[in-house]
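# Understanding the architecture of this molecule
Take a look at the letters that make up each chain.
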Amino acid sequence: MASIIGHVVSNYNELLEHNKDPEVDSWLLMGSAKPIIAILLVYLTFVLKIGPKMMEKRPAYELKTVIILYNAFQVLFSIWLTTLTFRIDLFGQVFTSNCNYTDPPADKKFQFVLSTGGWWYFFSKITELLDTVFFVLRKKFNQVSFLHVYHHTITAFFSWCYVKFLPGEQGIVIGLLNSSVHIVMYSYYLIAALGPEYKKYLWWKKYMTWIQLIQFGMMFAYLMFTLAMDCRMPKALTYFFLTNIVIFIYLFSDFYRKAYTKPKKV
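In this report, the structure presented in the accompanying data block is examined. (Residues numbered from 1 in each chain as written. Predicted model: local features only at pLDDT ≥ 70, side-chain atom pairs only at ≥ 80, totals over all residues. Heavy atoms only, no water.)

### Points about the overall build of the protein chain
Scanning the protein chain for helices and strands turns up 10 helices and zero strands. Listing every helix and strand of the protein chain by position from the N terminus yields α-α-α-α-α-α-α-α-α-α. In the protein chain, which comprises 266 residues, the proportion classed as buried is 45%. A separation threshold of at least 6 residues defines the contact pool for the protein chain, and within that pool the share at least 24 residues apart is 81%. Of the roughly 14,800 Å² of accessible surface on the protein chain, 69% is carried by carbon and sulfur atoms. (Helix = DSSP H or I, 4+ residues; strand = E, 2+ residues; numbered from the N terminus. Buried < 20%, exposed > 50% of the residue type's maximum accessible area, 1.4 Å probe, protein only. Contact = heavy atoms within 4.5 Å. Areas by Shrake-Rupley, 256 points an atom, 1.4 Å probe, with all protein chains shown as cover.)

### With respect to the packing of aromatic side chains
Under the defined criterion, the tally for this structure stands at 28 aromatic pairs. Relative to Tyr189, the ring of Tyr188 has its centre 5.9 Å away and its plane inclined at 70 degrees; by these criteria the two rings are edge-to-face. The exposure class of Tyr188 is buried, given its relative accessible area of 10%. You can call Tyr189 partly exposed: its relative accessible area is 33%. (Phe/Tyr/Trp six-rings, centres within 6.5 Å; stacked < 30°, edge-to-face > 60°.)

### Concerning the environment of Thr238
Turning to its location among the elements, Thr238 is positioned in helix α10 (residues 235-260). Each C-alpha atom of the pair Thr238 and Gly168 lies 8.9 Å from the other, and the pair is 70 residues apart in sequence. Setting aside anything within four residues of it in sequence, one finds Thr238 in contact with Gln170, Leu223, Thr226 and Leu227. For Thr238, the side chain forms a polar contact with the side chain of Gln170, separated by 2.7 Å. (Polar contact = N/O pair within 3.5 Å; in protein donor to acceptor, adjacent residues only side chain to side chain.)

### Things to note about the pattern of salt bridges
Applying the stated criterion to the full structure yields six salt bridges. Between Lys235 and Asp230 there is a salt bridge whose closest N-O contact spans 2.7 Å. The partly exposed category is assigned to Lys235, whose relative accessible area is 30%. Overall, the relative accessible area of 37% leaves Asp230 in the partly exposed class. Arg257 is paired through a salt bridge with Asp254; the nearest N and O atoms lie 2.6 Å apart. Placement of both Arg257 and Asp254 in helix α10 is noted, with a separation of three residues, approximately one turn of the helix. By relative accessible area, Arg257 is classed as partly exposed at 46%. (Salt bridge = Lys/Arg side-chain N within 4 Å of Asp/Glu carboxyl O.)

### Notes on unusual backbone geometry
Even without being glycine, Leu63 reaches a positive phi, approximately 60 degrees. Note that Leu63 resides in the loop between α2 (34-55) and α3 (64-84). Not every positive phi belongs to a glycine, and Asp230 is a case in point at roughly 50 degrees. Here Asp230 lies in the loop between α9 (207-228) and α10.

### Quick notes on the side chain of Asn71
Along the polypeptide, Asn71 turns up in helix α3. Judged by its relative accessible area of 4%, Asn71 falls in the buried class. Setting aside residues no more than four positions away along its own chain, Asn71 makes contact with Tyr186, Tyr189, Leu190 and Ala193.

Given below as structure tokens:
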């Protein structure tokens, strides 16, 4: 048992030494866990308690211009995050080399996508917390669901942990899929924010959940592939991704069932 633990620790240290940018600790919000924990505590306190209480006797804020600009920014930001993966040979550097037990790629472009790209992905999860804040200010309390709050909280916190402790090649694939889906998702929100006259262009609303579920299915298949091939990647990262993906698949499937599946007549 001691030898197995020693091997795991040695493997983790080797991967961390190779993948982690030594300057990460000096980056914004990365020095310690205190800033991200404080941000998430403020977020949860506001969207679950202070915000609803504050809005209880106030009219809903319209925020149309703010939300249009916010969604436009998220679309452009997600497009930029997606294009980061075009800087590397995704198949050769993430799949082939790490699953054939050659040394992991160490060129500057790859490290930029892995570390710097990982930080920007983490930053995007911080900005996405505003989704819930806007729901509260507009008194859309029905949209502040457990699924919504859990999803935003866990992705923001784990994205920080990923950059800080366990940068792995899996994150590039997960980030690519998630950012691609967010291009579609925030495009939908942008069109919806333009006004009721654009509602006719939103006939595909229920398919948004399907897109999310397909995304999680692709992530699950990819991560299982890395385990089956015993790829040279941090397995702790793979197991955490898999755990959350299973949770997300359950929550999003449950949401789809409740929102779009008509109850059977008795």
